[in-house]
Every structure is written in structure tokens, then in C-alpha cells.
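# Examining the three-dimensional arrangement
In case you want the letters, here they are:
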Amino acid sequence: MAPIVSVQSLTKRYDSGFEALTDVSLDIREGEILALLGPNGAGKTTLISTICGITNPTSGRIEVGGHDTIEEFRAARSLIGLVPQEINLEPFEKVINSVRFSRGLFGQAPNDAYLDEVLARLSLTDKRDQKIVTLSGGMKRRVLIAKALSHEPRVLFLDEPTAGVDVELRRDMWDTVAELKASGVTIILTTHYIEEAEAIADRIAVINKGRILLVQDKEALMAEMGRKELRIELTEPVAEVPAALAEYDLERSEDGTALTYCYDTHAESTGITRLLTDLRGAGLHLRDLQTRQSSLEEIFVGLVTEPA
Ligand SMILES: Nc1ncnc2c1ncn2[C@@H]1O[C@H](COP(=O)(O)OP(=O)(O)OP(=O)(O)O)[C@@H](O)[C@H]1O
Ligand SMILES: [Mg+2]
């Protein structure tokens, strides 16, 4: 199936000369939830803004629903709903009017039945005729989502949907995103929170300093997280891993005083018992054993931290 959004070799240099995106390529599958995970200044908002046509690419090509975002801007943009990072709403407007206005901007015929459905889906029905100024921050964020959905887009971009939101509301937002997905909308959201990506994404893309470092199914990443390391400290350093232990793929520390064994916690047998027997057989003596589990956090930090 053709991707609903296709970004090819996108580079974005701002007028200041700063290159915020470098050779970014990314395909988004229809119906998925993709989390764009990266630290402050990574280029997440820039990427979303460029896909949505708010800023122009310096080079590269973007298609949404098969439409080039520059040559066929209106067709591409009509398929997109954008919930911006900053809350910018008309404080004295009623919720329903604000949502109607957004729909009108896209040249769609009025359709209150649809809009009321959107409000209901976002638990905003009882706020329908209230002024935005009277709503809490979390409710305002929902109004932003309602506005972004007002013209019936197929792709929804959520830029930091839960920044500054308390734990309970964050879970609410996750539920809302899951319901939107179930209704057939493709969702791309940005976040700093690893646990957020872990909780709701189908795929995770890690971005740092304007480059995509990794795009992977969450399940595959989780499987990687099921990997554990056993660090075996030896009483005497070894110059190399003994040939008799080759099958274990041990990694020798630089000074030779430790060997590291990777195993899968989900596997039926970890092989540890046999390894310990074979170590003894190879004449090695243990000083200590430590286990360590890799986490998504570690994978992430490892990716975005520069080697010293
Ligand atoms: N209009 C602009 N002109 C020049 N540089 C900009 C402009 N907008 C953003 N930048 C720079 O581009 C880089 C990426 O910014 P961007 O807002 O895309 O990051 P982000 O990943 O969304 O960060 P955050 O998590 O803080 O929202 C930053 O270094 C930022 O200072
Ligand atoms: Mg941002």
C-alpha cells in the first residue's frame, strides 16, 4: 500500500542559515500511530511544519495522499489536521463556533452533525456552547484537536499533545489518540516522553539534530528491550575469549577482566547455566556476576548522546 505521507530527502535550512533538517526520508503508513521522539530542538516541529506546508523545504519532496505539498498544496493540505505545539485559541469564542470556523477555512460545507460527533469523541459535548476562556488547559488542548479534525482530515499531526499535562490527563489523551486511530485517522505525534511513545505508538522514529536516527516497529524495539546482559568479572584478565566459548558470542572488555554475554529473557532457555559450566571448563574463575537490562530509554539515550 502506498504511504499516506512520504518524505523524501528533505532538507530545511532557515533564513538564518541554520539547517534544522538534513536529508530526512520517512514514509508514514495509513492507519498507524507514529511517534516522533526527540529532544528539544531536534527538528520535530520543523518536520511537521514542512509537511503541513507552513514552512517550505529547502530541498527534497513531500507527498500527502499522493499530492505534492508544493505543487498541489491545497489538495495535500486538505488531508491534514494539525494540532500545534502552542495553544492559540480565540478566548471569547464559543467552542462550537471556533470549530465551525476551522472547517470553513478549508472550504468545507457546514456540517454540525459531524462536528458534534467530533466534540463527543473528545468529551467536549458539555463544553460545546462555552467560551474557550472558561476551559482548563487540558480541555483547550481537546478543542485544538477538534479544530484540527473539523475538515475531516485523514492524517492528524499532534505536536507535543501532552506537554505540561498531568499524568491523568496524559492517559486520557492516550485513550483519545487510540480512539482516533480506531476511527481510521493516521496519527503522527511528537513527544519527549519515551513512555508516551511506548504506550501508544505502532512505530517509533527517533530524531536528533535534524536527522532521523531510527524508525522501527515498537514491538521490535520492545523485543530488543527483552535482551539482557550478563557481565562476568574474572579474577584474572584474559587476552582473548577462549575458543571453547566461541558459541556464546562473548564480548571481552578492553582490559580483559570482564566478559559480557547477551541473552533473551523471552527465550525458553537463557543458556546461563551451561555457560557458567563451560567457563569453569575453560579454566576461568569468576569474581562477580552482574545482569543489566537494556531499555528503550537506554536505546534512546545511546542514540542521541554523542560519543565522548
Ligand atoms: N524560524 C526559525 N529560524 C531559525 N531557526 C529555527 C526556526 N525555527 C526553529 N529553528 C531552529 O531549528 C531547530 C529545530 O527546531 P524545532 O522547533 O523544529 O525543534 P523541536 O524538535 O520541535 O523542539 P521542541 O521539542 O523544543 O519543540 C532548533 O535549533 C531551532 O532553534
Ligand atoms: Mg517542537
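What counts and what doesn't
- Residues numbered from 1 in each chain as written.
- Chains lettered and ligands numbered in written order.
- Predicted model: local features only at pLDDT ≥ 70, side-chain atom pairs only at ≥ 80, totals over all residues.
- Heavy atoms only, no water.
- Domains from an automatic or database assignment.
- Contact = heavy atoms within 4.5 Å.
- Buried area = accessible area lost by both parts, 1.4 Å probe.
- Buried < 20%, exposed > 50% of the residue type's maximum accessible area, 1.4 Å probe, protein only.
- Helix = DSSP H or I, 4+ residues; strand = E, 2+ residues; numbered from the N terminus.
- Arc of directions from axis to C-beta.
- Near = heavy atom within 4 Å.
- Polar contact = N/O pair within 3.5 Å; in protein donor to acceptor, adjacent residues only side chain to side chain.
- Nonpolar A, V, L, I, M, F, W, Y, C, P; charged D, E, K, R; others polar.
- Phe/Tyr/Trp six-rings, centres within 6.5 Å; stacked < 30°, edge-to-face > 60°.
- Pairing = 2+ DSSP bridges.
- Core = buried A, V, L, I, M, F, W, Y, C linked by side-chain atoms within 4.5 Å.
- Donors = N, O, S within 2.8 Å, 3.2 Å for Na, K, Ca; no water.
- Salt bridge = Lys/Arg side-chain N within 4 Å of Asp/Glu carboxyl O.

### Digging into the domain arrangement of the protein
One can read the domain layout of the protein as domain 1 (5–222) and domain 2 (227–304). For domain 1 versus domain 2, the distance between C-alpha centres works out to 43 Å. Listed as interface residues are 11 residues of domain 1 and, on the opposing side, six residues of domain 2. Taken together, the two surfaces of domain 1 and domain 2 that pack against each other cover about 810 Å², and 84% of this comes from carbon and sulfur.

### Concerning helix α4 (residues 112–121)
Residues of α4 that are buried include every one of Y114, L115, V118 and L119, and no others. Along α4, the residues classed as buried sweep out an arc of 140 degrees about the axis, all on the same side. The elements touched by buried residues of α4 are α3 (95–105) and α5 (137–149). Downstream of α4 by a residue or two, S123 has a phi angle that is positive, lying close to 55 degrees.

### With respect to the site of ligand 1
Every one of the 15 residues lining ligand 1 counts as a neighbour, but N40, G41, K44, T45 and T46 are closest to it. Within the backbone of G43, an N or O atom sits 2.9 Å from an oxygen atom of ligand 1. Contact between ligand 1 and T45: an oxygen atom at 2.8 Å from a side-chain N or O atom of the residue. Of the residues forming the shell around ligand 1, the biggest block, three residues, is contributed by helix α1 (residues 44–51). By residue class, the composition of the shell around ligand 1 is five nonpolar, eight polar and two charged.

### Quick notes on the packing of aromatic side chains
One pass over the full model with this rule turns up two aromatic pairs. Pairing Y248 with Y261 gives two aromatic rings, centres 5.9 Å apart and planes at 80 degrees, and the pair type is edge-to-face. Residue Y248 is located in the loop between β11 (227–234) and β12 (251–252), and its partner Y261 is located in strand β13 (residues 258–264); the two are separated by 13 residues in the primary sequence. Assessed through its relative accessible area of 5%, Y248 is described here as buried. Residue classification places Y261 among the buried residues on the basis of a relative accessible area of 9%. Considering the side-chain rings of Y261 and Y263, the 5.9 Å spacing of their centres and the 20 degrees angle between planes classify their relative orientation as stacked.

### Observations regarding the sheet that holds β12
Strands sit in the order β12-β13-β11-β14 across an open sheet of four strands; the sheet is antiparallel. At either end of the open sheet lies a strand with only one pairing partner, and these are β12 and β14 (286–293). For β12 and β13, the ladder comprises two bridges, and the chain directions are antiparallel. Bridged to R252 within β13 is L259.

### What about the nonpolar core?
If you look at the biggest cluster of nonpolar residues, it comprises 42 residues, and the most contacted ones within it are I145, L156, L158, I187 and L189. Each of domain 1 (5–222) and domain 2 (227–304) gives at least three residues to this core. Other than its neighbours up to four places away in sequence, L156 contacts G81, L82, V83, I145, A148, L149, L180, V185, T186, I187 and I188. Counting 26 residues, the second largest nonpolar core, distinct from the first, contains L21, V24, I28 and L82.

### Quick notes on unusual backbone geometry
For D23, which is not glycine, the phi dihedral falls at a positive 50 degrees. Take D23: it is sitting in strand β2 (residues 19–28). Here D249, not a glycine, exhibits a phi torsion of approximately 55 degrees, which is positive.

### Thoughts on the coordination of the magnesium ion (ligand 2)
Each pair of donors in an ideal octahedron of six around a metal sits at 90 or 180 degrees, and each pair in an ideal tetrahedron of four sits at 109.5 degrees. Within the protein, the magnesium ion (ligand 2) binds to T45 (OG1) and Q85 (OE1); these donor distances fall in the range 1.9 to 2.3 Å. Taken as a pair, T45 in helix α1 and Q85 in the loop between β6 (80–83) and α3 lie far apart in primary sequence, 40 residues in all. Among the residues examined, T45 registers a relative accessible area of 31% and is labelled partly exposed.

### Re the pattern of salt bridges
This model, assessed by the stated rule, comprises 21 salt bridges. Two residues, R128 and D112, come together in a salt bridge whose shortest N-O distance is 3.8 Å. Remark: D112 occurs in helix α4 and R128 occurs in the loop between α4 and α5; sequence separation between them is 16 residues. Across the salt bridge formed by R287 and E233, the nearest N and O atoms sit 2.9 Å from each other. Residue R287 is found in strand β14, and its partner E233 is found in strand β11; the two are separated by 54 residues along the sequence. The class for R287 is exposed, based on a relative accessible area of 57%. Given the relative accessible area of 12%, E233 is considered buried. Within this structure, R100, D112, D116, R128 and D129 form a network of salt bridges that share partners.

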